[in-house]
Amino acid sequence: KQEVTQIPAALSVPEGENLVLNCSFTDSAIYNLQWFRQDPGKGLTSLLLIQSSQREQTSGRLNASLDKSSGRSTLYIAASQPGDSATYLCALTGNQFYFGTGTSLTVIP
Amino acid sequence: EAGVAQSPRYKIIEKRQSVAFWCNPISGHATLYWYQQILGQGPKLLIQFQNNGVVDDSQLPKDRFSAERLKGVDSTLKIQPAKLEDSAVYLCASSSSTDTQYFGPGTRLTVL
């Protein structure tokens, strides 16, 4: 069974700082990996999708990488802003769809 | 483009009662998912539909949970009878392929 771990569970940074969120998984037989954002009381919003054959994807200040051999993905957020405060979840599509437990990010003005 | 709609947004019931949630996916999306998200955890897939057929329901507690997607559009998820541990947010998502899923706002269920 796929195990998906996100560390740290919570993170607070001052505005403007660059930061990295981590996602680890145990089974490298995946189709793709997605990063989502979840705001309190709301559903999930897809941020980036990395296909199994790709190594990274970029969108604005966000960059996500995928290393299947080591079972890791990272989400890099440049020049963080208070509006980036949310919970960030990674999700893997393999035989099933697995979510990590999330990292709660707070960007302090 | 309208997003995924869910109702109700909040529901409070007592244990052993029954409850139903409704989801209307994005128009034209063939795949529909129901997830359960317990506080502090990531979403767990309960059931996946492709049109009106079930693709994966391996994590659906079938003794108390049921779901249907008649006509391959709207879907309902039912719990009968509810237990305290069913308290969670129930998320519905849809997609037009195996890639990006679009999520609704969720239904927060509290079982007392």
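Calculation criteria
Residues numbered from 1 in each chain as written. Chains lettered and ligands numbered in written order. Predicted model: local features only at pLDDT ≥ 70, side-chain atom pairs only at ≥ 80, totals over all residues. Heavy atoms only, no water. Helix = DSSP H or I, 4+ residues; strand = E, 2+ residues; numbered from the N terminus. Rg over C-alpha atoms; globule rule 2.2 N^0.38 Å. Buried < 20%, exposed > 50% of the residue type's maximum accessible area, 1.4 Å probe, protein only. Contact = heavy atoms within 4.5 Å. Areas by Shrake-Rupley, 256 points an atom, 1.4 Å probe, with all protein chains shown as cover. pLDDT = per-residue confidence, 0-100. Buried area = accessible area lost by both parts, 1.4 Å probe. Salt bridge = Lys/Arg side-chain N within 4 Å of Asp/Glu carboxyl O. Polar contact = N/O pair within 3.5 Å; in protein donor to acceptor, adjacent residues only side chain to side chain. Nonpolar A, V, L, I, M, F, W, Y, C, P; charged D, E, K, R; others polar. Core = buried A, V, L, I, M, F, W, Y, C linked by side-chain atoms within 4.5 Å. Pairing = 2+ DSSP bridges. Axes fitted to C-alpha atoms, helices over the stretch in contact; angles between N-to-C directions.

Of the regular secondary structure elements, chain B holds 0 helices and 11 strands. The order of helices and strands in chain B, counted from the N terminus, is β-β-β-β-β-β-β-β-β-β-β. Over its C-alpha trace chain B gives a radius of gyration of 13 Å, about what one expects of a compact globule, namely 13 Å for 112 residues. Its C-alpha atoms put chain B at 35 × 25 × 25 Å along the principal axes. Residue burial in chain B is summarised as follows: out of 112 residues, 45% are buried. A fraction of 52% describes how many contacts in chain B between residues 6 or more apart in sequence connect residues 24 or more apart. Of the accessible surface of chain B, which amounts to about 5600 Å², a share of 50% is contributed by carbon and sulfur atoms.

For chain A, per-residue confidence averages 92 on the pLDDT scale, and 98% of positions sit at 70 or higher. When mean pLDDT is taken per element in chain A, strand 11 (residues 103-108) of chain A scores highest with 97 and strand 10 (residues 97-99) of chain A scores lowest with 85.

Next up on the list: the interface of chain A and chain B. At the interface, 17 residues of chain A touch 19 residues of chain B. For the chain A and chain B pair, buried surface summed over both sides reaches about 1300 Å², with 47% attributable to carbon and sulfur atoms. Remark: the boundary between chain A and chain B carries 0 salt bridges. Our count for the contact surface shared by chain A and chain B stands at 1 residue pair in polar contact (both at pLDDT 80 or more). Contributing elements (two or more residues each) for the side of chain A that touches chain B: strand 4 (32-38), strand 5 (44-51) and strand 10 of chain A. Taken together, the residues that form the side of chain A that touches chain B break down as 6 nonpolar, 10 polar and 1 charged.

A word on the nonpolar core. In terms of nonpolar packing, the biggest core is built from 23 residues, with Trp35 and Leu75 of chain A touching the most fellow members. Of all the elements in the fold, those that place two or more residues in this core are strand 3 (19-25), strand 4, strand 5, strand 7 (62-67), strand 8 (72-77), strand 9 (86-93) and strand 11 of chain A. Listed in part, the 21 residues of the second largest apolar core include Ile26, Leu77, Ala88 and Tyr90 of chain B.

Moving on, we come to the sheet that holds strand 3 (residues 19-24) of chain B. Residues and elements named next belong to chain B. Pairing within the open sheet is antiparallel, and its 4 strands lie in the order 1-3-8-7. The open sheet has two edge strands, strand 1 (5-7) and strand 7 (65-68), and neither has a second partner. Taken pair by pair, the neighbouring strands of this sheet meet at an average axis angle of 15 degrees, ignoring direction. Looking at chain direction, strand 7 and strand 8 (residues 75-79) are connected through 4 bridges and run antiparallel. Bridge assignment links Ala67 to a residue of strand 8, and that residue is Leu77.

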